[in-house]
Amino acid sequence: MFEHPVSKESLDSTYTEFGIVKHYISEGIFVSEEQAFETPFFIKFGGNPFHIQEEEYYYTQLEKDGYSFLCQIDEDGYPSGLFHSGTSLPFGFGAVYLYAIVTEDSIKNPIVGYWQYS
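Overview of the structure. The structure presented is a predicted model; accordingly, all values stated were derived computationally and were not measured.

1. As for a nonpolar patch on the surface
No. 1: Taken together, the side chains of F45, V102 and I107 present a nonpolar region at the surface, about 300 Å² in accessible area.
No. 2: The residue F45 is located in strand 1 (residues 43-45) in this model.
No. 3: For F45, a relative accessible area of 59% gives the class exposed.

2. Comments concerning the environment of I107
No. 1: With respect to the element layout, I107 can be found in strand 4 (residues 107-117).
No. 2: Here the alpha-carbon distance between I107 and S68, two residues 39 residues apart in the chain, equals 9.8 Å.
No. 3: Excluding anything up to four places from it in sequence, I107 contacts F45, L70, A100 and I101.

3. Observations concerning unusual backbone geometry
Leaving glycine aside, a negative phi is the common case for residues, and trans is the common case for peptide bonds.
No. 1: Positive phi is not limited to glycine here, since N109 has a value of about 55°.
No. 2: For N109, the position within the fold is in strand 4.

4. Some points on the sheet that holds strand 1
No. 1: Sheet architecture is open: four strands sit in the order 1-2-3-4, paired in antiparallel fashion. Of all strands in the sheet, those with a lone pairing partner are strand 1 and strand 4, marking the two edges. When strand polarity is set aside, the average angle formed by the axes of neighbouring strands in this sheet is 20°.
No. 2: Looking at chain direction, strand 1 and strand 2 (residues 68-74) are connected through three bridges and run antiparallel. Paired with I43 across the strands is I73, a residue of strand 2.

5. Examining the side chain of Q72
No. 1: By the secondary structure assignment, Q72 is in strand 2.
No. 2: Judged by its relative accessible area of 0%, Q72 falls in the buried class.
No. 3: Polar contacts involving the side chain of Q72 include one to the side chain of D74, which spans 3.1 Å.
No. 4: When sequence neighbours within four positions are dropped, the list of residues in contact with Q72 reads F41, F42, I43, K44, P49, F50, A95, V96 and Y97.

6. Overview of a negative patch on the surface
No. 1: Taken together, the side chains of E54, E55, E56 and E63 present a region of like negative charge at the surface.
No. 2: Within the secondary structure, E55 is located in the loop between strand 1 and helix 3 (60-64).
No. 3: A residue is classified by how much of its surface remains accessible, and E55, at 37% relative accessible area, is partly exposed.

7. Section: the side chain of D74
No. 1: In this structure, D74 sits in strand 2.
No. 2: Nearest to the buried, unbridged D74 among oppositely charged side chains is K44, at 9.7 Å.
No. 3: Engagement of the side chain of D74 in a polar contact is seen with the backbone nitrogen of D76, the distance being 2.9 Å.

Calculation notes
Residues numbered from 1 in each chain as written. Predicted model: local features only at pLDDT ≥ 70, side-chain atom pairs only at ≥ 80, totals over all residues. Heavy atoms only, no water. Patch = residues over 30% accessible without salt bridge, like charges linked within 9 Å, V, L, I, M, F, W, Y side chains within 5 Å. Areas by Shrake-Rupley, 256 points an atom, 1.4 Å probe, with all protein chains shown as cover. Salt bridge = Lys/Arg side-chain N within 4 Å of Asp/Glu carboxyl O. Helix = DSSP H or I, 4+ residues; strand = E, 2+ residues; numbered from the N terminus. Buried < 20%, exposed > 50% of the residue type's maximum accessible area, 1.4 Å probe, protein only. Contact = heavy atoms within 4.5 Å. Pairing = 2+ DSSP bridges. Axes fitted to C-alpha atoms, helices over the stretch in contact; angles between N-to-C directions. Polar contact = N/O pair within 3.5 Å; in protein donor to acceptor, adjacent residues only side chain to side chain. Lys, Arg positive; Asp, Glu negative; His and termini not counted. Charge placed at Lys NZ, Arg CZ, Asp CG, Glu CD.

Structure, rendered in structure tokens:
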């Protein structure tokens, strides 16, 4: 995972994912961990990850190395109409889990920790 400036390719549909209908992220909501479990989401920031497979080997070494869960991008929360029918989901109807070194006043070294799919 890395930040980069907007490139000309981002503005040219030739380089974009076929079948995706562009949307933008707006209004987020704050919910408790219990409420989040019952609330569909596309991006979950903070708290604990909601795993598709509950296997500790996904995150054990990350945590040993000082990384904490930052957020997940979960295809279960895609808004309806995001993809044209017949288009495959990029994560295989799964989720990507991002981790970072999180301190009281900073977030450093964000990385893609792992990907799970069903």
